[in-house]
Amino acid sequence: MSDLECPYCEADLDVCHDDGFGYSEGVAHEMQCYECEKNFVFHTSISFYYEPKKADCLNGSPHRLKIMETSRSTITRCKDCEYEKYEWKAGKND
Ligand SMILES: [Zn+2]
Ligand SMILES: [Zn+2]
């Protein structure tokens, strides 16, 4: 996927990020189209992507636990939230 389209000829262009060019927000970055060779400016807006997910265990329901066994411990993790519990297996000292 290309970074942007030339506003003159609509060519797909990639911003050259050498030296961090083009990352600052709120500034006009000058660029020359390498298809039609016209100069134009672009503004950078950095967007974050959030993916919301239901977590019933944070609303009174039990955690949806997933148990993982390793040789030294039992790890219990919730599939929905950050709950995590380690149980070390006794006896084995090496
Ligand atoms: Zn162009
Ligand atoms: Zn949970």
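So, how was this worked out
Residues numbered from 1 in each chain as written. Chains lettered and ligands numbered in written order. Predicted model: local features only at pLDDT ≥ 70, side-chain atom pairs only at ≥ 80, totals over all residues. Heavy atoms only, no water. Donors = N, O, S within 2.8 Å, 3.2 Å for Na, K, Ca; no water. Tetrahedral: all angles 85-135°; square planar, octahedral: opposite > 155°, others 65-115°. Helix = DSSP H or I, 4+ residues; strand = E, 2+ residues; numbered from the N terminus. Buried < 20%, exposed > 50% of the residue type's maximum accessible area, 1.4 Å probe, protein only. pLDDT = per-residue confidence, 0-100.

Attention now moves to the coordination of the zinc ion (ligand 2). Binding of the zinc ion (ligand 2) to the protein goes through Cys 57 (SG), His 63 (ND1), Cys 78 (SG) and Cys 81 (SG), at separations of 2.1 to 2.3 Å. With 4 donor atoms in place around the zinc ion (ligand 2) and angles of 102 to 117° between them, the coordination shape is tetrahedral. Considered as a linear motif, the donors of the zinc ion (ligand 2) on their single chain read C-x5-H-x14-C-x2-C. Note that Cys 57 is positioned in the loop between β4 (39-43) and β5 (65-69) and Cys 78 in strand β6 (residues 73-78), a separation of 21 residues in sequence. Cys 78 carries the same exposure label as Cys 57, and that label is buried.

Quick look at the confidence of the model for the protein now. The pLDDT averaged across the protein works out to 90; a share of 96% of its residues lies at or above 70. Considering each helix and strand of the protein separately, the mean pLDDT is smallest for strand β3 (residues 28-32), with a value of 93, and largest for β6, with 96.

It is worth spelling out the coordination of the zinc ion (ligand 1) at this point. The zinc ion (ligand 1) binds to the protein through Cys 6 (SG), Cys 9 (SG), Cys 33 (SG) and Cys 36 (SG), with metal-donor distances spanning 2.2 to 2.3 Å. Metal-centred angles of 103 to 116° between the 4 donor atoms at the zinc ion (ligand 1) mark the site as tetrahedral. Positions of the donor residues of the zinc ion (ligand 1) along the chain correspond to the pattern C-x2-C-x23-C-x2-C. Here Cys 33 falls in the buried class, since its relative accessible area comes to 1%. Overall, the relative accessible area of 28% leaves Cys 36 in the partly exposed class.

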